[in-house]
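Next come the chains, spelled out residue by residue.
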Amino acid sequence: MGLFVFKNNAIRSKTSHFHCYPVEGKSVKMGCQNIILGLCLTRPPLNDGEGIFGFAEFLAALALLVLVFNSTDYLYRFRISVAPIPLFKVTFISTIVIGLGTLLTDIWFAEGWLAPAWGLSKAILQGMFGGLFLINVLLWIWFAFIRPPVFSRWNYKRYQFTLYSMIVRGSDGQLPVISAEIARSARSLIKYVTDESSKKHATVSKDRKSNNTKVSDYAHDTLLMMGNRKLCRHIVASSPVTAIIFMQELSFRKNYTAPLGEFAKNITTEALLNKDSILYLESGGTALDLLGMIQPFSKAMYGDYCLVNGLGLGRYSSLDLDWRVADMLDGDQFEAYCQIALITFQNMFDVDRYREHSTSIYRVFEIVAGGGGKVHLLNGVPETGELSVASLRLMAAVGFVDDAISFLADKKGLKFGTLRVRRDEVGYHQSTIFDQIAELAFDLIHHASYVKTPPELAWSIHYNTVWGRIFGLGRHGPAWRVIRFKLFRLLFDEIKEMERWPNYKGARILGFCLNVLGLSVGEKEINERCYPLRKAVLNWTRKNYLAIVEENPDIAEYCLSGGVTFDSENRRLVKTYMRGANREAPREYLNLDEPR
């Protein structure tokens with residue numbers, strides 16, 4: 001029957017059960033040492049060759065894996081955490097199985113314990129455990145490097161929880177890494193977010209199989225979490241492409257109701273506060289490099305009016321700022337805001353949506369108007385030749401009006417609505433975008449009118465900074481004529497209001513107009529741009545100023561600004577210009593009518 005080797009050299013009878021067992025490349029028949037429930041048990045050879053993946057090799061490989069995991073970048077740990085399968089649990093269970101398996105295999109074969117006669121050698125068993133360990137390593141490599149996971153219906157809970165934990169922890173070392181990584185999930189997150197209309201019609205029964213409603217809820221909350229101010233600060237500083245991708249995806253899918261209003265607002269805030277951000281590198285189109293010409297960040301964030309307005313219908317848009325942030329912006333930062341606001345303003349006309357009443361644009365105009373809010377602090381301050389922050393903010397705001405009017409000059413086929421709306425009829429739904437531009441210019445003029453002395457500073461603020469830019473040379477087009485008409489009506493109506501009720505606001509406006517327009521009507525052909533307002537203001541002043549002097553001397557004195565003074569003896573107003581190269585300073589006079 002050939003050569004037989006038995007444990008303890010025992011010789012069995014012909015009726016004994018035998019089992020072929022490989023030993024050192026030879027098939028050796030082993031007899032059953034015991035039979036339990038029909039299962040043949042034999043003792044494996046004590047010397048079964050060298051080990052392939054024993055317990056010692058397992059411990060070394062496990063230690064190396066733990067060392068690599070702890071020393072690796074947080075990016076890969078995040079990817080492992082949000083894998084579609086619970087990779088940590090799978091790895092933990094596999095570690096227990098492999099560890100116990102290799103340990104028992106080594107002990108079993110070392111002690112020669114009885115084992116089922118299945119023909120499995122020590123090498124085969126260790127190879128199986130080694131293969132299982134290799135599968136775990138390959139899974140980690142797959143999800144960490146080859147196919148990093150994104151937000152999906154398979155991992156939405158883990159993805160949201162991991163991102164939430166990271167944001168709450170607020171580590172300055174981890175947030176920049178995650179700022180770039182979440183861009184990979186932009187498409188899936190926005191795909192799963194449903195708008196309000198679809199949510200109203202969604203039912204549990206319809207989505208019970210696909211669980212779409214639940215996934216969309218988690219996607220909604222994940223997008224809300226992205227509005228965290230600190231996360232947005234790191235996105236702007238280290239990964240602005242994340243903001244670009246999310247906003248481009250919203251525009252592409254025309255999903256204007258996604259809960260990214262807080263995210264867009266905080267991205268804008270941090271981009272304005274950080275002067276090293278991409279917003280300043282794009283430099284309003286003045287930079288000559290490729291980034292400055294393409295302006296990917298500015299166009300993605302602010303180049304789609306429908307997106308900006310749609311986000312603004314929720315709570316915030318990408319052009320909204322907290323009033324405290326808007327108030328603390330310096331001249332350069334406020335100018336950057338006016339430039340991005342102008343991008344949205346221009347696109348509103350490009351897509352022919354200028355006739356609708358936009359709450360987002362309305363809030364933008366309020367912020368721009370606030371650019372002149374600190375100019376009153378300059379009143380009475382001697383001029384030093386250096387531009388203050390208040391002056392720079394006012395210049396940026398006026399520049400927005402100037403650029404908006406210049407843009408509209410080349411637009412054809414615009415519909416202006418009612419040219420003149422009476423003050424008692426003015427309301428939100430009666431006003432047009434052209435009314436809002438005129439009101440913005442009026443507000444800036446009013447802010448500038450607070451500066452009355454010294455005369456040189458008043459003239460610089462009133463004319464050089466405000467009036468000269470708004471009514472600059474080369475103005476043309478129907479849009480400009482409509483805005484000019486509406487602005488003239490606002491200015492003169494405020495002055496005319498003092499006939500019924502003398503007030504300081506009207507007095508400031510009158511003082512501003514007298515300072516920039518002068519006290520002589522002049523020829524219409526020479527002063528065509530401002531001739532209607534000049535004539536109306538001077539006629540009104542001549543008829544009503546002395547009445548104000550008698551009724552309220554303080555208000556009458558407050559009406560005088562810059563180089564305009566009141567000559568009580570001759571009952572006239574005198575405007576004194578800067579002397580310059582003249583021997584005496586030039587003067588203009590306006591004789592006043594006695595009150596009736």
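About the thresholds
Residues numbered from 1 in each chain as written. Predicted model: local features only at pLDDT ≥ 70, side-chain atom pairs only at ≥ 80, totals over all residues. Heavy atoms only, no water. Helix = DSSP H or I, 4+ residues; strand = E, 2+ residues; numbered from the N terminus. Expected span 1.5 Å × (residues − 1). Buried < 20%, exposed > 50% of the residue type's maximum accessible area, 1.4 Å probe, protein only. pLDDT = per-residue confidence, 0-100. Phe/Tyr/Trp six-rings, centres within 6.5 Å; stacked < 30°, edge-to-face > 60°. Lys NZ or Arg CZ within 6 Å of the ring centre and 35° of its normal. Pairing = 2+ DSSP bridges. Salt bridge = Lys/Arg side-chain N within 4 Å of Asp/Glu carboxyl O. Axes fitted to C-alpha atoms, helices over the stretch in contact; angles between N-to-C directions. Contact = heavy atoms within 4.5 Å. Lys, Arg positive; Asp, Glu negative; His and termini not counted. Polar contact = N/O pair within 3.5 Å; in protein donor to acceptor, adjacent residues only side chain to side chain. 1 Å grid on protein atoms, 1.4 Å probe; cavity = no way out; pocket = protein on both sides within 12 Å on 5 of 7 lines; lining within 4 Å. Points joined across faces, edges and corners; volume = space filled by probe spheres on them. Nonpolar A, V, L, I, M, F, W, Y, C, P; charged D, E, K, R; others polar. Parallel < 35°, antiparallel > 145°, perpendicular 65-115°, else oblique.

## A word on helix α23 (residues 478–496)
Inference 1: End to end, α23 covers 27 Å across 19 residues, agreeing with the expected 27 Å (1.5 Å per residue, within 8%).
Inference 2: The set of residues buried in α23 consists of Ala479, Trp480, Val482, Ile483, Arg484, Lys486, Leu487, Phe488, Leu491, Phe492, Glu494 and Ile495.

## Looking at the confidence of the model for the protein chain
Inference 1: Per-chain confidence: the protein chain averages 86 in pLDDT, with 86% of residues scoring 70 or above.
Inference 2: Predicted confidence in the protein chain is weakest over helix α8 (residues 196–201), with a mean pLDDT of 42, and strongest over helix α12 (residues 261–273), with 97.

## A look at the packing of aromatic side chains
Inference 1: Under the defined criterion, the tally for this structure stands at 30 aromatic pairs.
Inference 2: Ring centres of phenylalanine 297 and tyrosine 302 lie 6.3 Å apart, and the angle between their planes is 80°; on these two criteria the pair is classed as edge-to-face.
Inference 3: Classification of tyrosine 302 as buried rests on a relative accessible area of 0%.
Inference 4: Members of the aromatic cluster, each reached through a chain of ring pairs, are Phe345, Phe349, Tyr354, Phe365, Phe400, Phe407, Phe416 and Phe434.
Inference 5: The ring of phenylalanine 334 carries arginine 393 above its face, with NZ or CZ at 4.7 Å from the centroid.

## Examining the pairing of strand β7 (residues 572–576)
Side chains on a regular strand alternate between the two faces of the sheet.
Inference 1: Two elements, strand β6 (residues 564–567) and β7, share four bridges in a ladder whose sense is antiparallel. In the strand pairing of β7, valine 564 is matched with lysine 575.
Inference 2: Between β6 and β7, which pair antiparallel one after the other, the connecting turn spans four residues, and arginine 571 there sits at a positive phi close to 55°.
Inference 3: Note that β7 and strand β8 (residues 587–591) share five bridges and pair antiparallel. Along β8, the bridge assignment pairs arginine 572 with asparagine 591.

## Focus on helix α3 (residues 87–111)
Inference 1: In this model α3 runs 35 Å from its N-terminal to its C-terminal C-alpha over 25 residues, within 8% of the 36 Å that 1.5 Å per residue would give.
Inference 2: Taken residue by residue, α3 has Leu87, Thr91, Ser94, Ile98, Gly99, Gly101, Thr102, Thr105 and Phe109 as its buried positions.
Inference 3: Of the residues trailing α3, glycine 112 is marked for its positive phi of about 70°.

## Here's the deal with the pattern of salt bridges
Inference 1: Per the counting criterion, the structure on display carries 22 salt bridges.
Inference 2: Residue aspartate 332 pairs with lysine 275 through a salt bridge whose shortest N-O separation is 3.8 Å. Of this pair, aspartate 332 sits in helix α18 (residues 331–350) while lysine 275 sits in the loop between α12 and α13 (278–282), placing them 57 residues apart in sequence.
Inference 3: Residue class for lysine 275 comes out partly exposed when judged on its relative accessible area of 38%.
Inference 4: Two residues, aspartate 593 and arginine 542, come together in a salt bridge whose shortest N-O distance is 3.7 Å. Here aspartate 593 is found in the segment after β8, whereas its partner arginine 542 is found in helix α25 (residues 531–551), with 51 residues between them in sequence.
Inference 5: Accessibility expressed as a relative area gives 34% for aspartate 593, which makes it partly exposed.
Inference 6: Using a relative accessible area of 24% as the deciding quantity, one classes arginine 542 as partly exposed.
Inference 7: The network of salt bridges with shared partners includes Arg79, Glu181 and Arg184.

## A look at the sheet that holds β6
Strand-to-strand pairing in sheets goes through backbone hydrogen bonds, with the strands running parallel or antiparallel.
Inference 1: Sheet architecture is open: three strands sit in the order β6-β7-β8, paired in antiparallel fashion. The open sheet has two free edges, formed respectively by β6 and β8, since each of these has just one partner strand. Going across the sheet, the axis of each strand differs from the next one's by a mean of 25°, ignoring polarity.
Inference 2: Where α25 meets the sheet, its contacts fall on β6, β7 and β8, and the angle it forms with β8 comes to roughly 60°.

## Digging into the side chain of arginine 393
Inference 1: Looking at the element boundaries, arginine 393 is found in helix α20 (residues 389–409).
Inference 2: Lacking a salt bridge, the buried arginine 393 has aspartate 327 as its closest oppositely charged neighbour, with an N-O distance of 4.6 Å.
Inference 3: Only 3.0 Å separates the side chain of arginine 393 from the backbone oxygen of alanine 326, close enough to count as a polar contact.
Inference 4: Filtering out sequence-adjacent residues up to four positions away, arginine 393 remains in contact with Ala326, Asp327, Leu329, Asp330, Gly331, Phe334, Gly370 and Gly371.

## Description of empty space enclosed by the protein
Inference 1: One pass over the structure, following the stated rule, counts one cavity of 30 Å³ or more.
Inference 2: Its volume calculated, the largest cavity comes out at about 30 Å³.
Inference 3: Residue lining of the largest cavity: Met348, Tyr354, Glu356, Ser358, Ile361, Ile433 and Gln436, and that is the complete set.
Inference 4: A class-by-class count of the residues in the lining of the largest cavity yields four nonpolar, two polar and one charged.

## Here we look at the environment of serine 358
Inference 1: Here serine 358 shows up in the loop between α18 and α19 (359–369).
Inference 2: For serine 358, a relative accessible area of 3% puts it in the buried group.
Inference 3: At 3.4 Å, the side chain of serine 358 forms a polar contact with the side chain of tyrosine 305.

## A few points about the packing of helix α22 (residues 455–470) against helix α24 (residues 504–517)
Inference 1: It is at 10 Å that the axes of α22 and α24 come closest, and there the two elements cross at 80°. The orientation of α22 relative to α24 falls into the category roughly perpendicular. Facing Ala458, Trp459, His462, Tyr463, Val466 and Trp467 of α22, the residues of α24 in contact are Phe512, Asn515, Val516 and Leu517.
Inference 2: Split by residue class, the contact of α22 with α24 holds eight nonpolar, two polar and no charged.

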